[in-house]
Amino acid sequence: MASTVGTGALTPDRSRAREARGRLAGPALVAPFALFYIVFLLGPLIYTFVAGFFNGSLLRDGFGSWVGFSNYADVLNDSEFWRTLKHTLWFTVLTTIPLVLLALGLAILADRFVRGRWFIRFAFFAPYVIPSASVSLIFMWGVLADQTGLAQDWLKALGVNSPPSWLGDPNWAMWSLAGVTVWWTIGFNFVLYLAGLQEIPRDVHEAAAMDGAGPWQRIRHVVIPMLGRTTTLVTVLQIVASLKVFDQIYMMTAGGPDGSTRPTLQYIVDTGFTDGRTGYASVVSLFLFLVILLISLVWFFLVRRAEKES
Amino acid sequence: MAHTKEGPAATAAPARTEAAAPATRRGYDAEKLFNRVALGVLVAFALLWLVPLLFATAISIRPADEIAVDPASWFTSNPTFAAYEDLFDKGKLPYWYANSFIVSLLTTVLTVVTASLAAFGLSQVRFRFRRGVFLLLLAGIMIPMQVLMIPQFLALQEVGLLNTYWGVVLPQVPNVVAVFVFKQFFDGIPRELIEAARADGAGWLRTYWQIVMPVSRPAVSAVTIFVFVAVWNNFLWPLLVVTDPEMMTLPVGLNSVQDAFGIPYAQLMASAVLGAIPLLVVFALFQRRIVEGIAGTGLK
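Cut-off values and rules
Residues numbered from 1 in each chain as written. Chains lettered and ligands numbered in written order. Predicted model: local features only at pLDDT ≥ 70, side-chain atom pairs only at ≥ 80, totals over all residues. Heavy atoms only, no water. Contact = heavy atoms within 4.5 Å. Buried area = accessible area lost by both parts, 1.4 Å probe. Salt bridge = Lys/Arg side-chain N within 4 Å of Asp/Glu carboxyl O. Polar contact = N/O pair within 3.5 Å; in protein donor to acceptor, adjacent residues only side chain to side chain. Helix = DSSP H or I, 4+ residues; strand = E, 2+ residues; numbered from the N terminus. Nonpolar A, V, L, I, M, F, W, Y, C, P; charged D, E, K, R; others polar. Core = buried A, V, L, I, M, F, W, Y, C linked by side-chain atoms within 4.5 Å. Buried < 20%, exposed > 50% of the residue type's maximum accessible area, 1.4 Å probe, protein only. Domains from an automatic or database assignment. Axes fitted to C-alpha atoms, helices over the stretch in contact; angles between N-to-C directions. Parallel < 35°, antiparallel > 145°, perpendicular 65-115°, else oblique. Phe/Tyr/Trp six-rings, centres within 6.5 Å; stacked < 30°, edge-to-face > 60°. Lys NZ or Arg CZ within 6 Å of the ring centre and 35° of its normal. 1 Å grid on protein atoms, 1.4 Å probe; cavity = no way out; pocket = protein on both sides within 12 Å on 5 of 7 lines; lining within 4 Å. Points joined across faces, edges and corners; volume = space filled by probe spheres on them. Arc of directions from axis to C-beta. pLDDT = per-residue confidence, 0-100.

### Quick notes on the interface of chain A and chain B
And then number 1: Counting residues at the interface gives 107 residues for chain A, matched by 108 residues for chain B.
And then number 2: Across the chain A to chain B interface the summed buried area is about 10,200 Å²; carbon plus sulfur atoms make up 76%.
And then number 3: Inspection of the region where chain A meets chain B yields 2 salt bridges.
And then number 4: Linking chain A with chain B are 11 residue pairs in polar contact (both at pLDDT 80 or more), by the criterion used here.
And then number 5: Sort the elements by how many residues they give to the side of chain A that touches chain B and helix H1 (residues 12-51) of chain A lands first, with 18 residues.
And then number 6: Partitioning the side of chain A that touches chain B into residue classes produces 71 nonpolar, 22 polar and 14 charged.

Structure below.
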């Protein structure tokens with residue numbers, strides 16, 4: 001790791017040589033990362049764009065034959081694509097709302113206590129570090145299983161005679177998956193909010209209290225407005241994460257029952273890797289990318305403007 | 001656990017609001033009541049959040065015949081580790097642990113080195129198009145890896161890296177957020193420190209390795225933990241790249257356990273627990289660093 005430039009006094013000659021090297025030093029330091037970036041991010045992005053104009057297949061080499069915009073037309077007319085997109089958006093709504101509001105509420109409450117905070121933080125954050133495979137095993141076979149699951153057992157104990165089949169009933173499956181996701185990922189948002197709360201200066205609390213504001217009023221009129229930036233960040237990160245949902249749905253319902261929970265990312269895997277239609281799947285990928293980009297940008301600018309106006 | 005059982009009176013030290021409590025008797029009572037309710041709600045949610053983990057653990061140590069009689073019960077009179085022993089003896093679990101560890105370690109080292117070098121170049125060295133390069137890299141945050149899996153898969157297939165460690169590792173190395181975290185941190189290092197090293201004749205690499213990296217431990221550990229956890233938990237990418245059971249990472253292996261028909265309930269829960277334990281330990285050890293890391297990546 002030692003540099004080739006020696007130590008010692010600088011002669012004019014050496015400093016000129018160093019300057020020339022200096023001009024290359026910046027690009028050289030960035031180069032290793034840039035190489036990975038170009039090979040595994042930029043290149044694939046361009047490939048995806050180009051591949052969409054061909055009817056490529058996993059089974060043969062190369063792009064396949066040129067088909068122009070017909071993949072685009074086919075995807076737009078593909079009812080299954082729209083159905084999976086609808087599932088993806090619905091999942092995003094079902095998860096983002098509780099994952100923002102509940103995380104905010106719990107963080108505000110937790111911020112009032114110092115002793116025992118490690119326990120609260122552990123309880124909410126521990127699920128976040130667990131692999132989705134463990135989460136799926138626990139919920140699919142333990143908590144949400146038919147007949148043997150904890151959730152049905154508790155409901156029966158409460159006097160509900162025929163509790164729903166959480167993952168097997170199309171009316172309940174998406175709600176169950178959303179619930180599991182809230183359990184699994186709330187810790188991340190919770191910690192972001194705790195950090196945001198730390199940044200609120202103490203004297204703001206004190207000033208509000210001096211004015212006679214009770215705890216509830218201080219939360220409503222001081223704390224929540226001051227967390228605006230954090231809320232924007234949490235919401236955008238959450239929307240983007242939820243639009244990319246795959247793991248837990250794939251493992252717990254495999255998109256079922258009857259395809260009622262299949263998200264767009266799984267549709268890409270199914271058309272691209274199971275059916276081997278890489279050109280078609282590329283176009284679906286581009287559309288999903290566009291949706292993610294658009295929704296996060298629109299949300300971002302809306303919030304920016306709202307923040308400026310207030 | 002014992003901590004919360006002490007009840008509100010013991011735990012409800014209202015640290016942040018204490019000073020803010022108004023002097024009036026009524027205000028003080030409202031504050032106290034609010035704290036009690038807050039603590040109650042918080043502890044109720046925290047316990048609810050722990051139920052699935054505790055339940056899975058409870059099931060995993062119950063003997064099969066007891067489970068058959070009452071599957072949803074928490075209690076057992078003869079706890080047993082039979083399910084765990086079976087998984088280690090008959091399954092491929094040791095392979096999956098080793099694979100996950102190797103893959104996560106390789107990715108983490110490559111990411112930390114390349115991202116910190118790039119961030120150092122972008123933060124401390126003046127060169128043409130520096131800002132342009134930074135913006136281009138930053139734009140990569142917008143690109144979800146998941147929509148690039150088809151070309152990445154085809155490329156790895158082309159060069160014969162399917163079912164290898166490198167096939168899992170390489171596409172996960174370009175982590176734009178890591179560059180961003182390092183650059184934020186490096187920007188805060190006093191310029192005099194860098195200039196002094198440069199004036200002493202240290203080259204850029206030596207400045208990076210001997211001056212910048214040693215003072216950047218918080219950033220290095222935050223990125224290390226984050227990349228490690230993310231790679232350890234990644235499911236979709238290794239699912240596509242690895243089909244050989246002995247090359248699978250833990251999440252993909254666990255999923256194959258679940259697919260195998262007729263696995264006993266206790267073993268399923270034991271696999272879930274075994275999948276969760278390594279990262280729970282990491283989290284317990286580095287709780288503060290992880291929390292600081294999230295706060296740092298997200299907000300500053």
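Here the narrative resumes.
### Some words on the environment of Pro163 of chain A
Residue and element names in this part refer to chain A.
And then number 1: Structurally, Pro163 is set in the loop between helix H6 (150-157) and helix H7 (170-198).
And then number 2: It is 8.7 Å that separates the C-alpha atoms of Pro163 and Asp153, two residues lying 10 residues apart in sequence.
And then number 3: Apart from residues no more than four positions distant in its own chain, Pro163 is found in contact with Gln152, Leu155 and Lys156.

### Overview of the nonpolar core
And then number 1: Counting residues in each nonpolar core, the largest one holds 184 residues, and the members touching the most others are Phe124, Phe139, Leu144 and Phe190 of chain A together with Met149 of chain B.
And then number 2: The element that contributes the greatest number of residues to this core is H7 of chain A, accounting for 15 residues.
And then number 3: Composition of this core by domain shows at least three residues from each of domain 1 (2-60) and domain 2 (84-297) of chain B.
And then number 4: Excluding anything up to four places from it in sequence, Phe139 of chain A contacts Leu144, Ala145, Val180, Trp183 and Met252 of chain A together with Pro52 of chain B.

### Section: the packing of helix H7 (residues 93-124) of chain B against helix H16 (residues 250-259) of chain B
Pairs of packed helices are described in terms of their axes, by the angle between the two and the distance that separates them.
All names here are of chain B.
And then number 1: Between H7 and H16, the shortest axis-to-axis distance is 8 Å and the interhelical angle comes to 155 degrees. The orientation of H7 with respect to H16, classified from their angle, is roughly antiparallel. Residues Leu93, Trp96, Tyr97 and Ser100 of H7 pack against Leu250, Pro251, Gly253, Leu254, Ser256 and Val257 of H16.

### Details of the packing of aromatic side chains
And then number 1: One pass over the full model with this rule turns up 35 aromatic pairs over all chains.
And then number 2: Their ring planes at 45 degrees and their centres at 5.3 Å tell us that Phe125 of chain A and Tyr128 of chain A sit as a pair that is tilted.
And then number 3: Overall, Phe125 of chain A belongs to the buried group, its relative accessible area being 1%.
And then number 4: Relative to Tyr250 of chain A, the ring of Phe246 of chain A has its centre 5.0 Å away and its plane inclined at 20 degrees; by these criteria the two rings are stacked.
And then number 5: The class for Phe246 of chain A is buried, based on a relative accessible area of 2%.
And then number 6: An aromatic cluster is built from Phe49, Phe53, Phe54, Trp66, Phe69, Tyr72, Phe81, Trp82 and Phe287 of chain A, whose rings are joined through pairwise contacts.
And then number 7: The side chain of Arg277 of chain A reaches across the aromatic face of Tyr280 of chain A, ending 4.1 Å from its centre.
And then number 8: We note Lys183 of chain B situated over the ring of Phe134 of chain B; from NZ or CZ to the ring centre the distance is 4.5 Å.

### Remarks on the layout of surface pockets
And then number 1: Each pocket or cavity is described by its volume, and for the second largest pocket that value is around 660 Å³.
And then number 2: For the second largest pocket, the lining is made up of 23 residues, of which Phe139, Val143, Leu144, Gly179 and Val180 of chain A are closest to its centre.
And then number 3: Residue assignment for the lining of the second largest pocket shows that the elements contributing at least two residues are helix H3 (79-110), helix H5 (132-143), H6 and H7 of chain A together with helix H4 (25-60) of chain B.
And then number 4: Counting residues per element, the lining of the second largest pocket draws most heavily on H7 of chain A, which supplies 8 residues.
And then number 5: In the lining of the second largest pocket, the residues fall into 21 nonpolar, 2 polar and no charged.

### Looking at helix H12 (residues 191-199) of chain B
All names here are of chain B.
And then number 1: Looking only at H12, the buried set comprises Ile194, Ala197 and Arg198. In a view along the axis of H12, the buried residues occupy a sector of 100 degrees, so they form one face of it. Turned more than 90 degrees off the buried face of H12, the exposed positions are Glu192 and Ala199.
And then number 2: Just downstream of H12, Gly201 is the residue with a positive phi angle, here 95 degrees.

### Topic: the confidence of the model for chain B
And then number 1: Residues with a pLDDT of 70 or more make up 89% of chain B, whose mean pLDDT is 84.
And then number 2: Model confidence for the complex is summarised by a pTM of 0.86, with the ipTM given as 0.85.

### Topic: the domain arrangement of chain B
Residue and element names in this part refer to chain B.
And then number 1: Domains assigned within chain B are domain 1 (2-60) and domain 2 (84-297).
And then number 2: Contacts between the two partners involve 5 residues from domain 1, matched on the other side by 6 residues from domain 2.
And then number 3: Summing both partners gives a buried area of about 510 Å² for domain 1 against domain 2, and 76% of it is carried by carbon and sulfur.
And then number 4: The largest per-residue losses of area from domain 1 upon contact with domain 2 belong to Ala56, Ile59 and Ser60, which jointly make up 75% of the total buried on that side.
And then number 5: Counting the contacts that link domain 1 with domain 2 gives 0 salt bridges.
And then number 6: Where domain 1 touches domain 2, the interface holds 1 residue pair in polar contact (both at pLDDT 80 or more).
And then number 7: Looking at side-chain class alone, the side of domain 1 that touches domain 2 contains 3 nonpolar, 2 polar and no charged residues.

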